[in-house]
Amino acid sequence: MSGSRLVKRVWEGTLLFRFFQDTRVRFGHSELMSFAKTCKSSVIPSMRYRDAPAAIEWLCKALGFEKQAVYANPEGTIAHAQLTFGNGMVMLGSGKPDETGGGGNQSACLIVSDCDAVYAMAKAAGAEMVRDIEDMHYGGRAFACKDPEGHWWNVGSYDPWG
């Protein structure tokens, strides 16, 4: 490495070090800066569906979500949707077949106040139960179901934040 390139890297490293000092980030310590925005929830699951309009209707009917925002494309697909559940949210949209292979490798968890009522609502809407409702050894009641495109939804009364 030439002398001028080495000086430049040392200078850039010094600037980076000063940036981290100024933002009080200390590597090797537990005081790492959080980039999470202070809002209702800084983690929001996002999913792609082959038939997003049908998924939106099913999620509202079967699990009790409410439409906060739905932005449709001219051809009827969904560019972006936000569905709320209490103080939580999922975002979803239409996806191409190679983006929507089903939800076997992902799931969302809904924390509910009355698991039995949501279970009954989901069953009435035709949800395929993957795990029947039961008392959990760590507290609360829970069940799991699949939506019409195979995404798993875990529903329970246990509050991990509580």
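Rules used throughout
- Residues numbered from 1 in each chain as written.
- Predicted model: local features only at pLDDT ≥ 70, side-chain atom pairs only at ≥ 80, totals over all residues.
- Heavy atoms only, no water.
- Helix = DSSP H or I, 4+ residues; strand = E, 2+ residues; numbered from the N terminus.
- Buried < 20%, exposed > 50% of the residue type's maximum accessible area, 1.4 Å probe, protein only.
- Contact = heavy atoms within 4.5 Å.
- Core = buried A, V, L, I, M, F, W, Y, C linked by side-chain atoms within 4.5 Å.
- Phe/Tyr/Trp six-rings, centres within 6.5 Å; stacked < 30°, edge-to-face > 60°.
- Pairing = 2+ DSSP bridges.
- Axes fitted to C-alpha atoms, helices over the stretch in contact; angles between N-to-C directions.
- pLDDT = per-residue confidence, 0-100.

## Let's talk about the environment of A62
Then comes step 1: Inspection of the secondary structure puts A62 in helix 2 (residues 52-63).
Then comes step 2: The class for A62 is buried, based on a relative accessible area of 0%.
Then comes step 3: In this structure, the C-alpha to C-alpha distance between A62 and A127, residues 65 residues apart in sequence, is 7.1 Å.
Then comes step 4: Not counting chain neighbours up to four residues away, the residues in contact with A62 comprise V118, M121, A122 and A125.

## Describing the nonpolar core
Then comes step 1: If you look at the biggest cluster of nonpolar residues, it comprises 31 residues, and the most contacted ones within it are L59, L63, F65, F143 and W153.
Then comes step 2: Those elements that provide at least two residues to this core are strand 1 (46-49), helix 2, strand 3 (78-85), strand 4 (88-94), strand 5 (107-111), helix 3 (115-124), strand 7 (141-146) and strand 8 (152-156).
Then comes step 3: Counting residues per element, this core draws most heavily on helix 2, which supplies eight residues.
Then comes step 4: In this structure L63 touches W58, F85, L110, V118, M121, A122, C145, W153 and V155, once residues within four positions along its chain are discounted.

## Remarks on the packing of aromatic side chains
Then comes step 1: One pass over the structure, following the stated rule, counts four aromatic pairs.
Then comes step 2: With a centroid separation of 5.5 Å and an interplanar angle of 70°, the aromatic rings of F65 and W153 are classed as edge-to-face. A residue pair is termed long-range when its members are at least 10 positions apart, and F65 in the loop between helix 2 and strand 2 (66-72) and W153 in strand 8 qualify at 88 residues.
Then comes step 3: Summarising the aromatic geometry, the rings of Y138 and Y158 are spaced 5.0 Å apart at their centres and angled 75° between planes, so their arrangement reads as edge-to-face. Linking Y138 in the loop between strand 6 (128-135) and strand 7 with Y158 in the segment after strand 8, this pair joins segments that are 20 residues apart in sequence.
Then comes step 4: A connected cluster of aromatic rings, assembled from ring pairs, spans F65, F85 and W153.

## Focus: the sheet that holds strand 1
Then comes step 1: Strand order in the open sheet formed by four strands is 1-4-3-2, and the pairing between neighbours is mixed. Here the strands that pair on one side only, and so sit at the sheet edges, are strand 1 and strand 2. Within the sheet, the average angular offset between the axes of one strand and its neighbour, ignoring direction, is 20°.
Then comes step 2: Bridge count for strand 3 against strand 4 is five bridges, and the pairing is antiparallel. By the bridge assignment for strand 4, F85 is matched with G88.
Then comes step 3: Contacts from helix 2 reach strand 1, strand 2, strand 3 and strand 4 within the one sheet, and its direction differs from that of strand 3 by about 5°.

## Points about the pairing of strand 2
Then comes step 1: As paired elements, strand 2 and strand 3 share six bridges and run antiparallel to each other. Residue pairing for strand 3: Y71 is matched across the bridge by H80.

## Here's the deal with the confidence of the model for the protein chain
Then comes step 1: The share of residues in the protein chain with pLDDT of 70 or more is 69%, and the mean pLDDT across the chain is 78.
Then comes step 2: Confidence, expressed as mean pLDDT per element, reaches its minimum in the protein chain at helix 1 (residues 3-22) with 44 and its maximum at helix 2 with 96.
Then comes step 3: Scored below 50 in pLDDT, residues 3-32 makes 13 contacts in the model with residues more than four places away or belonging to other chains.

## Overview of the sheet that holds strand 5
Then comes step 1: Pairing in this open sheet of four strands is mixed, and the strands run 5-8-7-6 from one edge to the other. The open sheet has two free edges, formed respectively by strand 5 and strand 6, since each of these has just one partner strand. Sheet twist, expressed as the average angle between the axes of neighbouring strands with direction ignored, equals 15°.

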